[in-house]
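Architecture at a glance
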Amino acid sequence: MSKPKAPATHRISLMASGELRDALTAIQEGKGPDAIAALMAIDSASWQAIEERLVALVGSDLRTLLLKVAGEADAVAPAVA
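Please read all numbers here as calculations on a predicted model, not as lab measurements. (Residues numbered from 1 in each chain as written. Predicted model: local features only at pLDDT ≥ 70, side-chain atom pairs only at ≥ 80, totals over all residues. Heavy atoms only, no water.)

**Here we look at helix 1 (residues 14-28)**
Between the first and last C-alpha of helix 1 there are 21 Å, a value that for 15 residues agrees with the 21 Å anticipated at 1.5 Å per step. The set of residues buried in helix 1 consists of Ala 16, Gly 18, Glu 19, Leu 20, Ala 23 and Ala 26. Phi turns positive, to about 75°, at Gly 30, one or two residues after helix 1. (Helix = DSSP H or I, 4+ residues; strand = E, 2+ residues; numbered from the N terminus. Expected span 1.5 Å × (residues − 1). Buried < 20%, exposed > 50% of the residue type's maximum accessible area, 1.4 Å probe, protein only.)

**Let's talk about the packing of helix 1 against helix 2 (residues 32-40)**
Contact pair helix 1 / helix 2: the axes reach a minimum separation of 8 Å and the direction vectors enclose 165°. When the interaxial angle is binned, helix 1 and helix 2 end up roughly antiparallel. Note on packing geometry: the crossing formed by helix 1 with helix 2 is left-handed. Across the interface between the two elements, Glu 19, Leu 20, Asp 22, Ala 23, Ala 26 and Ile 27 of helix 1 pack against Asp 34, Ala 35, Ala 38 and Leu 39 of helix 2. A per-class count over the contact of helix 1 with helix 2 returns 7 nonpolar, no polar and 3 charged. (Axes fitted to C-alpha atoms, helices over the stretch in contact; angles between N-to-C directions. Parallel < 35°, antiparallel > 145°, perpendicular 65-115°, else oblique. Left-handed = near helix turned anticlockwise from the far one by under 90°. Contact = heavy atoms within 4.5 Å. Nonpolar A, V, L, I, M, F, W, Y, C, P; charged D, E, K, R; others polar.)

**Some points on helix 2**
Those residues of helix 2 that fall on the buried side of the exposure criterion are Ala 35, Ala 38 and Leu 39. Buried positions in helix 2, seen along its axis, are confined to an arc of 100° and lie on one side of it. The outward face of helix 2, more than 90 degrees from its buried face, is lined by the exposed residues Pro 33 and Met 40. (Arc of directions from axis to C-beta.)

**What about the nonpolar core?**
Side chains that are nonpolar tend, in soluble globular proteins, to be buried together. Counting 9 residues, the largest nonpolar core is built from Ala 16, Leu 20, Ala 23, Ala 38, Leu 39, Ile 42, Ile 50, Leu 54 and Leu 62. Broken down by secondary-structure element, the contributors of at least two residues to this core are helix 1, helix 2 and helix 3 (44-58). What Ala 23 contacts, discounting residues up to four positions off in sequence, is Ala 35, Ala 38 and Leu 39. (Core = buried A, V, L, I, M, F, W, Y, C linked by side-chain atoms within 4.5 Å.)

**Focus: the side chain of Glu 19**
Residue position: Glu 19 is located in helix 1. Nearest to the buried, unbridged Glu 19 among oppositely charged side chains is Arg 21, at 7.9 Å. Here Glu 19 is in contact with Ala 38, Ala 41 and Ile 42, once residues within four sequence places are set aside. (Lys, Arg positive; Asp, Glu negative; His and termini not counted. Salt bridge = Lys/Arg side-chain N within 4 Å of Asp/Glu carboxyl O.)

**Some points on the environment of Ile 50**
By the element assignment, Ile 50 lies in helix 3. Residues Ile 50 and His 10, 40 residues apart in the sequence, show an inter-C-alpha distance of 8.5 Å. Those residues in contact with Ile 50, other than ones at most four positions away along the chain, are Ile 12, Leu 20 and Ile 42.

Next comes the structure, spelled out in structure tokens:
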């Protein structure tokens, strides 16, 4: 039987989860300013919770994760002439 995980010290608000979703969608669609606006709308307690969960789940912060994904996308994307 697996050990239960310790509860996060911070919670992600419903509003922040929507803003994060909107930011990721904007990034996917190439809308940088919209992504930045959505990320800036996230409250500090939710940011702490997001960072805690990312470190626990993937071992890095959001910036590192996004840069890694962007690098992998560049490596896979075909060159445009």
